[in-house]
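The chain contents come next:
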Amino acid sequence: MFMYLEIEGGYRRKHWRGRIISSAGAELGQLAFELAGGRLALTAGSDELVLRAFCEAETHGTICLNRQPYADYVVQKTGEIEVTDSDGVTVLVLLKDSFRRRRKWAYRQGGTLSQAEKYAAWGDLLISRHGIITSIVDFCHWIVPECSGRYPLLSAEDEKIVQRMPRSEQLLIIALAARYLCIQPHFQSTTSDNDLVNVASFVRDEKTGAFNINPDVFPARPEEKYIFNYPWAIGSIVIISIMYFIVLLFWDFPAEFTFRTHIAGPVIMFFLVNGVPLAWLLIHLMMEPIADNPKEERRLYEMVRAFSERNHNENNDN
């Protein structure tokens, strides 16, 4: 199960209203969006949190809690967000996560390859002093679930993390989780609610209390090396190639035909029959260095360490 937003009266791109439902089925509050007024408002009990100056091309805005200034946020060109309080201290950072890191993270926790791929494609990384959330959908993400008006916000594991946070941060994170519904692409994929895989977002060091999102904290699985090397494409190429060479072996070629003098024909045909899996493999080989930059992963680890150290220092001061 997961926390979701149940939109009332159907989704409209420029305005909507809905109820926030917990993974246990309880109503937690209401969310309302108005693009014309640049306003995303969350109401829960007597509390109201509002993101202002909200629009398709936003670069920054203000956050009010119970009609009082609470924080400011800055949106980078990449879509990453930094939220700072009235003293200029960073409260939350929403970062682009690494597909490779997410896939390995989910797989090493016991997920299947399919679950690991879904987890990797779903969300981004939100870092706070109180925990890390990884089920927040990227703003303008192409994965928009077909879910009959019930749109996922957080996984059940992330919801538990949010419940342990201060009330103001709880409301802010829920509002940020709903941002992908404020500018929903016209294209809807066949992704379902079940594609929000429930995986622990981070682990905590028992001695230092530091957060860790590095998959290497878990032992590698024996089949991991093969599983992550595009098994469907490679397996298809092997099977099709064996079938192709069997056909060549029993084919009744003309007497004047020799492989030495007519090698181009069989070679061209080999690539044609393997066209789809070869193309799929080449696309992955070309795109992976772009999508999975080790420098970006190191940046994520450094940000997590910085927040953990600050949280540790604050606890010692208290």
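Heads up: the structure comes first, above all this text.
Residues numbered from 1 in each chain as written. Predicted model: local features only at pLDDT ≥ 70, side-chain atom pairs only at ≥ 80, totals over all residues. Heavy atoms only, no water.

A.B. asks: Would you explain the packing of aromatic side chains in this entry?
C.D. replies: Here a ring pair, both rings aromatic, is described through the centre-centre distance and the interplanar angle of the planes. A complete count under the given rule lists 4 aromatic pairs for this structure. An angle of 65° between the planes, with centres 4.9 Å apart, marks the rings of Phe-202 and Phe-211 as edge-to-face. On the basis of relative accessibility, which here comes to 12%, the residue Phe-202 falls in the buried class. Given the relative accessible area of 7%, Phe-211 is considered buried. We note Arg-102 situated over the ring of Tyr-119; from NZ or CZ to the ring centre the distance is 4.3 Å. Taking the ring centre of Tyr-4 as reference, the NZ or CZ of Arg-150 above it sits at 4.1 Å. (Phe/Tyr/Trp six-rings, centres within 6.5 Å; stacked < 30°, edge-to-face > 60°. Buried < 20%, exposed > 50% of the residue type's maximum accessible area, 1.4 Å probe, protein only. Lys NZ or Arg CZ within 6 Å of the ring centre and 35° of its normal.)

A.B. asks: Just to check I follow, could you spell out the pattern of salt bridges for this structure?
C.D. replies: One side chain can pair with another of opposite charge once the charged atoms of both are near each other. Tallying each qualifying case throughout the model produces 14 salt bridges. Across the pair Arg-19 and Glu-6 runs a salt bridge whose closest N-O atoms are separated by 2.3 Å. Within this pair, whereas Arg-19 is found in strand β2 (residues 15-21), its partner Glu-6 is found in strand β1 (residues 2-7), the two being separated by 13 residues in sequence. Here Glu-157 and Lys-160 are joined by a salt bridge, their closest N and O atoms 3.6 Å apart. Taken together, the residues span about one helical turn, with Glu-157 and Lys-160 both in helix α3 (residues 156-163) at a distance of 3 residues. Classification of Glu-157 by relative accessible area gives partly exposed; the value is 27%. What you see here is one network of salt bridges that share partners, running through Glu-6, Arg-19 and Glu-27. (Salt bridge = Lys/Arg side-chain N within 4 Å of Asp/Glu carboxyl O. Helix = DSSP H or I, 4+ residues; strand = E, 2+ residues; numbered from the N terminus.)

A.B. asks: Looking at this structure, I do not really get helix α1 (residues 99-108). What am I missing?
C.D. replies: Note that an α-helix has 3.6 residues per turn; residues three or four places apart therefore point the same way. Taking burial as the measure, the 10 residues of α1 include 7 buried ones, the bulk of the element. The opening residue of α1, the one whose side-chain oxygen lies 3.4 Å from the backbone nitrogen of Arg-100, is Ser-98. Gly-110, located one to two residues past α1, shows a positive phi value of around 105°. (Polar contact = N/O pair within 3.5 Å; in protein donor to acceptor, adjacent residues only side chain to side chain.)

A.B. asks: Help me out: how do you make sense of the nonpolar core in this one?
C.D. replies: Across soluble globular proteins, nonpolar side chains have a tendency to be buried as a group. The biggest cluster of nonpolar side chains holds 62 residues, and the ones touching the most others in it are Trp-16, Leu-51, Ile-63, Leu-153, Leu-154 and Leu-172. At 7 residues, the largest contribution of residues to this core is made by helix α4 (residues 167-177). Leu-172 has contacts with Leu-49, Leu-51, Ile-63, Tyr-70, Val-83 and Leu-92, leaving out every residue within four places of it along the chain. Within the second largest apolar cluster, 8 residues are counted, among which are Trp-105, Ala-116, Val-197 and Val-199. (Core = buried A, V, L, I, M, F, W, Y, C linked by side-chain atoms within 4.5 Å. Contact = heavy atoms within 4.5 Å.)

A.B. asks: Hey, could you run me through a nonpolar patch on the surface in this one?
C.D. replies: On the surface, Val-238, Ile-242, Ile-246, Leu-249 and Phe-250 cluster together into a nonpolar patch covering about 550 Å² of accessible area. Take Ile-242: its relative accessible area is 49%, and that puts it in the partly exposed class. (Patch = residues over 30% accessible without salt bridge, like charges linked within 9 Å, V, L, I, M, F, W, Y side chains within 5 Å. Areas by Shrake-Rupley, 256 points an atom, 1.4 Å probe, with all protein chains shown as cover.)

A.B. asks: Would you mind going over the side chain of Glu-159 with me for this structure?
C.D. replies: Along the chain, the position of Glu-159 falls in helix α3. Despite its burial, Glu-159 pairs with no opposite charge, the nearest such side chain being Lys-160 at 8.9 Å. With residues near it in sequence (within four places) discarded, Glu-159 still touches Phe-2, Met-3, Ser-22, Ser-23 and Leu-154. (Lys, Arg positive; Asp, Glu negative; His and termini not counted.)

A.B. asks: Please explain the packing of α1 against helix α2 (residues 113-122) as it appears in this structure.
C.D. replies: Viewed as axis vectors pointing N to C, α1 and α2 meet at an angle of 140°, and their least axial separation amounts to 8 Å. Taken together, α1 and α2 sit at an angle that is classed as oblique. Of the two elements, α1 crosses α2, and the hand of that crossing is right-handed. Of α2, the residues touching α1 (which contributes Phe-99, Arg-101, Arg-102, Arg-103, Trp-105, Ala-106 and Tyr-107) are Leu-113, Ala-116, Glu-117, Tyr-119, Ala-120 and Ala-121. Taken together, the residues of the contact of α1 with α2 break down into 9 nonpolar, no polar and 4 charged. (Axes fitted to C-alpha atoms, helices over the stretch in contact; angles between N-to-C directions. Parallel < 35°, antiparallel > 145°, perpendicular 65-115°, else oblique. Left-handed = near helix turned anticlockwise from the far one by under 90°. Nonpolar A, V, L, I, M, F, W, Y, C, P; charged D, E, K, R; others polar.)

A.B. asks: How should I be thinking about the side chain of Arg-129 in this particular structure?
C.D. replies: Within the element layout of this structure, Arg-129 appears in the loop between β10 (123-128) and β11 (132-137). Taking relative accessible area as the criterion, Arg-129 reaches 17% and is therefore assigned buried. A polar contact is formed between the side chain of Arg-129 and the side chain of Glu-169, at a distance of 3.1 Å.

A.B. asks: Teacher, can you tell me more about the sheet that holds strand β9 (residues 90-95) here?
C.D. replies: Adjacent strands of a sheet form backbone hydrogen bonds with each other and so pair up, either parallel or antiparallel. One open sheet accounts for 12 strands, arranged β11-β10-β9-β8-β7-β6-β5-β4-β3-β2-β1-β12; its pairing is antiparallel. Edge positions in the sheet fall to β11 and β12 (150-155), since each of these pairs with one other strand and no more. The mean angle between the axes of side-by-side strands here comes to 20°, regardless of whether they run parallel or antiparallel. Relative to strand β3 (residues 27-34), β2 runs antiparallel, the two sharing 7 bridges. Opposite Arg-19, over in β3, you have Gln-30 as the bridge partner. (Pairing = 2+ DSSP bridges.)

A.B. asks: What am I meant to see in unusual backbone geometry here?
C.D. replies: A negative phi angle characterises most non-glycine residues, just as the trans form characterises most peptide bonds. At Asn-66, a position not held by glycine, the phi torsion is positive, near 55°. In this structure, Asn-66 sits in the loop between β6 (60-65) and β7 (68-75). For Arg-67, which is not glycine, the phi dihedral falls at a positive 65°. By secondary structure assignment, the location of Arg-67 is in the loop between β6 and β7. Classification of Arg-67 as exposed rests on a relative accessible area of 74%.

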